[in-house]
Amino acid sequence: MVNWVAAFVGFILAVVLSNLFGYFLGFVGINIGLFLAGIVVGLMVGGGILRGFGNGLVAGAFGAIVISIILIIGGTITAGLTGFAATALTGIFLVIAVFISSGFVVGIGGAIGSLISGKD
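Caption draft 1: Molecular detail of the environment of Phe84. Topologically, Phe84 is positioned in helix 3 (residues 49–117). Spatially, the C-alpha atoms of Phe84 and Ala59 are 26 Å apart, while their sequence positions differ by 25 residues. With sequence-adjacent residues up to four places away left out, Phe84 is seen in contact with Ile72, Gly75 and Thr76.

Next up, the structure:
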């Protein structure tokens, strides 16, 4: 079962920490921020590796969805119906790419955080 509070907190932390660490350390910093956000999600959730991984994955998926929505809105405002069509198509691929890259980093952090917490 997904703990929505932990997933939302993880999403907010992923945005803040990845931007903060990314500013100073570049691409490596972005992944460090995502990983730390996943650990916090895992600590909040507890309950084993799969539960921590699943909640971290949901937190990472929020980021992919929000980025896609912002892209679609911006494309529609800028170029109308043509921009909507282009950004909707791009958004689909972006969701998949961000979900695979960021979602799994946050998910692995969530699994580790869940192990650290020791909550069952």
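Caption draft 2: Spatial organisation of a nonpolar patch on the surface. A surface patch of nonpolar side chains, about 730 Å² in accessible area, is lined by Leu20, Tyr23, Phe24, Leu25, Val28, Ile32 and Leu36. Contributions of two or more residues to the nonpolar patch are made by helix 1 (4–25) and helix 2 (27–45). In terms of residues, the nonpolar patch owes the most to one element, helix 1, which gives four residues. With respect to the element layout, Phe24 can be found in helix 1. By relative accessible area, which is 61% here, Phe24 ends up exposed.

Caption draft 3: Quick look at the environment of Phe11. Locating Phe11 in the fold gives a position in helix 1. Since its relative accessible area comes to 12%, Phe11 is described here as buried. Note: C-alpha distance between Phe11 and Gly38 (27 residues apart in sequence) is 8.9 Å.

Caption draft 4: Broad picture of the nonpolar core. Judged by nonpolar contacts, Ala6, Ala14, Leu34, Ala37, Val41, Val45, Ala59 and Val106 together constitute the single largest core of eight residues. For this core, the secondary-structure elements that each account for two or more residues are helix 1, helix 2 and helix 3. For this core, the leading source of residues is helix 2, giving four residues. Setting aside chain neighbours within four positions, we find Ala6 in contact with Val41, Met44 and Val45.

Caption draft 5: Representation of the confidence of the model for the protein chain in the model. Residues with a pLDDT of 70 or more make up 99% of the protein chain, whose mean pLDDT is 87. When mean pLDDT is compared element by element in the protein chain, helix 2 scores highest at 91, while helix 3 scores lowest at 86.

The rules behind each value
- Residues numbered from 1 in each chain as written.
- Predicted model: local features only at pLDDT ≥ 70, side-chain atom pairs only at ≥ 80, totals over all residues.
- Heavy atoms only, no water.
- Helix = DSSP H or I, 4+ residues; strand = E, 2+ residues; numbered from the N terminus.
- Contact = heavy atoms within 4.5 Å.
- Patch = residues over 30% accessible without salt bridge, like charges linked within 9 Å, V, L, I, M, F, W, Y side chains within 5 Å.
- Areas by Shrake-Rupley, 256 points an atom, 1.4 Å probe, with all protein chains shown as cover.
- Salt bridge = Lys/Arg side-chain N within 4 Å of Asp/Glu carboxyl O.
- Buried < 20%, exposed > 50% of the residue type's maximum accessible area, 1.4 Å probe, protein only.
- Core = buried A, V, L, I, M, F, W, Y, C linked by side-chain atoms within 4.5 Å.
- pLDDT = per-residue confidence, 0-100.

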